[in-house]
Amino acid sequence: MLGLDADGTPHVFVVVEPRDRGNLAERLQPTRSFRVTTCLDSFCHESWSVRLYESLPRLHKPARWDASRIRQVSEEVTRVLEQLLEPVEGIPGHWRPMHGDFVPWNLREDSQGQLWLLDWEDVGWGPPLADFVRYVVAYYSLGGTSPARIAATVGQAVGPESLPALAEVASFWLSHRNIDPEDSSANVTRRRAKDSARAAREIAAFRVIGALPTS
């Protein structure tokens, strides 16, 4: 819930979750490349956890595209989470902690150029480059770029030395809950239809990425 003041300016952000979900967001620390919103207060009531966070500065917007800057954020996310997450039994040994929903609408830039990374509810483990590749795919799918062109851009962004890793990354995302299935409903709103078209481009792009040559 976003709370506004009398002038309609964002004032507070409140999260209400099941009490047993844990409070990872309260333990996250800012890095050189991004900040997280500070938890100002919290309490529990029966089976619910309620947390009050500072709101983002006004005039924030999705981060400007800069591949090296975005990649630095994704790498620092991994380093931060490595200090907080316990290894999960059964996952491949080379997988690393990841944000899990690293997309342009969750990486905001304020008027001073400061990046803010939001929505940490899907933190988990994934193959190296999973967060970064998801961001690139989501960023270009928003602009209507063709799946083939998105895949080519991903290949350029990760560099030739990382091309062999992309097949695993693509397979990971194609089975992940945050990649929406294509909407087959005939009765959808215009906004939902637009979102479904973007999601379909993401899915198609990951299929192309999974088939990219490795050299």
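Check the entry above for the structure.
With that out of the way, let us pick up the packing of helix α3 (residues 130-142) against helix α4 (residues 147-158). Contact geometry of α3 with α4 gives a least axis separation of 10 Å together with a crossing angle of 140 degrees. Comparing their axes, α4 and α3 come out oblique. Classified by chirality, the crossing of α4 by α3 is right-handed. Note on element contacts: α4 touches α3 through I150, T153, V154, A157 and V158, opposite F132, V133, V136, V137, Y140 and S141. Here the residues of the contact of α3 with α4 are counted per class, giving nine nonpolar, two polar and no charged.

Spatial strand order, β5-β7-β8: three strands in an open sheet with antiparallel pairing. Because the sheet does not close on itself, it has two edges, and the strands there are β5 (61-62) and β8 (115-117). Across three bridges, strand β7 (residues 107-109) lies against β8 in antiparallel orientation. Bridge pairing in β8 links R108 to W116. Lying over the sheet, helix α2 (residues 67-82) contacts β7 and β8, oriented at roughly 40 degrees with respect to β8.

Pairing geometry for strand β3 (residues 39-45) and strand β4 (residues 48-54), over six bridges, is antiparallel. Bridge pairing links C39 to Y53 in β4. Adjacent in sequence and paired antiparallel, β3 and β4 are bridged by two residues, among which E46 carries a positive phi angle near 55 degrees.

Glancing now at the pairing of β4. Side-chain direction in a regular strand flips from residue to residue, so the side chains alternate between the two faces of the sheet. Pairing of strand β2 (residues 10-18) with β4, which is carried by seven bridges, proceeds in the antiparallel orientation. Directly across from V12, in β4, lies its bridge partner E54.

Conventions used here
Residues numbered from 1 in each chain as written. Predicted model: local features only at pLDDT ≥ 70, side-chain atom pairs only at ≥ 80, totals over all residues. Heavy atoms only, no water. Axes fitted to C-alpha atoms, helices over the stretch in contact; angles between N-to-C directions. Helix = DSSP H or I, 4+ residues; strand = E, 2+ residues; numbered from the N terminus. Parallel < 35°, antiparallel > 145°, perpendicular 65-115°, else oblique. Left-handed = near helix turned anticlockwise from the far one by under 90°. Contact = heavy atoms within 4.5 Å. Nonpolar A, V, L, I, M, F, W, Y, C, P; charged D, E, K, R; others polar. Pairing = 2+ DSSP bridges.

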